[in-house]
Amino acid sequence: MSTPRERLRGFIADTFFVDDFQDGDSFLRNRIIDSTGMMELVAFLESDFHVKVADAELVPENLDSIDNLVAFLAKKGVA
Amino acid sequence: MTLLGRLRALRVPRKVRHALVRLTGFTAFPNCTVGRGSGAWTRIVVDVKGRATIGDRVLFLSGVAPCELEVAEGAELVIGDDCYFNYGTSLTAHHAVRIGNRCMFGSFVCIADEDGERQGPVVLGNDVWVAHGAVISPGVTIGDGAVVSAGAVVTADVPARTMALGNPARVMPLSMASESGGAP
């Protein structure tokens, strides 16, 4: 079974047609994902990882790179 | 007949007509108090039975659809200075709709303070940007400098300097958009 990191990378590549980025690269600074894309990403987290993302958690520290996302999911109990 | 209609009947050139309408403003807004330099670019639908106050330098555009202002008897619509409304925007006040200064509205934005289920005053602060097709529901307050994304349906208050996206809208900080450049 694929890891959260692989699933996240697969989603971003399939949805935003970008796969040439490092796990620590900022989605926003590198223009990989815009704000509307962020909402798609949040919807993906909630549907595929079954986590609830509060509005207060919609911050770059949680969502702005693969590394940040993996750490955020780990805090939510997704290994 | 409105000033625009009279000018058209007199075959005044279009650019002159529009310049005059922008400079005067009053003719397109029956029963409204309108500030200096405000007006509607060609068509606008105005049905004001209550109190409507429009500030200085407010511009309503009309493209595929006119903007619409509806104020019921006893209700209040207040629009601040330097606001800009793109075509098809609809403002409906059965109680109170108040919009601050320097706000921008994309096309087909819909703001109403009563929708059959809910009712309550709608208040927008200063420097608010509401993008295309967004719906602001009754009772909502939007803080200064907030951005409402295209197509968002805002059913809860939006804090100042944040961005609302989705249906129902969720709020995120502007830092989630400002680095991407272009549209938020």
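Refer to the structure presented above.
None of these values were measured; they are calculated from a predicted model.

The rules behind the values
Residues numbered from 1 in each chain as written. Chains lettered and ligands numbered in written order. Predicted model: local features only at pLDDT ≥ 70, side-chain atom pairs only at ≥ 80, totals over all residues. Heavy atoms only, no water. Helix = DSSP H or I, 4+ residues; strand = E, 2+ residues; numbered from the N terminus. Core = buried A, V, L, I, M, F, W, Y, C linked by side-chain atoms within 4.5 Å. Buried < 20%, exposed > 50% of the residue type's maximum accessible area, 1.4 Å probe, protein only. Contact = heavy atoms within 4.5 Å. Expected span 1.5 Å × (residues − 1). Pairing = 2+ DSSP bridges. Buried area = accessible area lost by both parts, 1.4 Å probe. Salt bridge = Lys/Arg side-chain N within 4 Å of Asp/Glu carboxyl O.

1. Side note on the environment of leucine 174 of chain B
Item 1. Here leucine 174 of chain B is to be found in the segment after strand 20 (170-173).
Item 2. With 22 residues separating them in the primary sequence, leucine 174 of chain B and alanine 152 of chain B have C-alpha atoms 15 Å apart.

2. Digging into the nonpolar core
Residues and elements named next belong to chain B.
Item 1. Core analysis: the largest hydrophobic core is formed by 42 residues, its most contacted members being Phe60, Ile79, Phe85 and Ile99.
Item 2. Elements represented by at least two residues in this core include exactly strand 3 (44-48), strand 4 (51-54), strand 6 (67-71), strand 7 (76-79), strand 9 (90-93), strand 10 (96-99) and strand 13 (122-124).
Item 3. Ignoring sequence-local partners within four residues, the contact set of isoleucine 99 consists of Val78, Ile79, Gly80, Cys83, Phe85, Leu91, Phe105 and Leu124.

3. Looking at helix 1 (residues 4-16) of chain A
Item 1. For helix 1 of chain A, with 13 residues, the first-to-last C-alpha span of 18 Å sits near the 18 Å given by 1.5 Å per residue.
Item 2. Just downstream of helix 1 of chain A lies phenylalanine 17 of chain A, where phi reads positive at about 60°.

4. Focus on the sheet that holds strand 4 of chain B
Residue and element names in this part refer to chain B.
Item 1. The parallel open sheet is built from six strands, whose spatial order is 1-4-7-10-13-16. At either end of the open sheet lies a strand with only one pairing partner, and these are strand 1 (32-34) and strand 16 (141-142).
Item 2. Sheet analysis places strand 10 next to strand 13, joined by three bridges and oriented parallel. Note that in strand 13 the partner of isoleucine 99 across the bridge is leucine 124.

5. A closer look at the environment of proline 121 of chain B
Residue and element names in this part refer to chain B.
Item 1. In this fold, proline 121 is placed in the loop between strand 12 (110-112) and strand 13.
Item 2. Taking the C-alpha atoms as reference points, proline 121 and valine 147, 26 residues apart in sequence, are found 19 Å from one another.
Item 3. Residues within four places of proline 121 in sequence aside, it is in contact with Ala96, Arg98, Asp113, Gly139 and Val140.

6. Brief notes about the interface of chain B and chain A
Item 1. Facing 14 residues of chain B, the contacting portion of chain A comprises 17 residues.
Item 2. Taking both sides of the interface into account, the surface hidden between chain B and chain A amounts to around 1,400 Å²; carbon and sulfur atoms contribute 57%.
Item 3. Counting across the chain B and chain A interface gives two salt bridges.
Item 4. Aspartate 55 of chain A is the salt-bridge partner of arginine 170 of chain B, the closest N and O atoms lying 3.1 Å from each other.

7. A short note on the pattern of salt bridges
A side chain with one charge may pair with a side chain of the opposite charge, provided their charged atoms come close.
Item 1. A complete count under the given rule lists 13 salt bridges over all chains for this structure.
Item 2. Several salt bridges share partner residues, and in doing so they unite Arg5, Arg9, Asp23 and Asp67 of chain A into one network.

8. Concerning unusual backbone geometry
Item 1. The omega angle of the peptide bond from asparagine 167 of chain B to proline 168 of chain B is -5°, so this bond is cis rather than trans.
Item 2. One can find proline 168 of chain B in the loop between strand 19 (162-165) and strand 20.
Item 3. We note that phenylalanine 17 of chain A has phi near 60°; this positive angle belongs to a residue other than glycine.
Item 4. Among the secondary structure elements, phenylalanine 17 of chain A is positioned in the loop between helix 1 and helix 2 (35-48).
Item 5. Of the residues examined, phenylalanine 17 of chain A reaches a relative accessible area of 73% and is grouped as exposed.
Item 6. A positive phi angle is found at asparagine 31 of chain B, which is not glycine, with a value near 65°.

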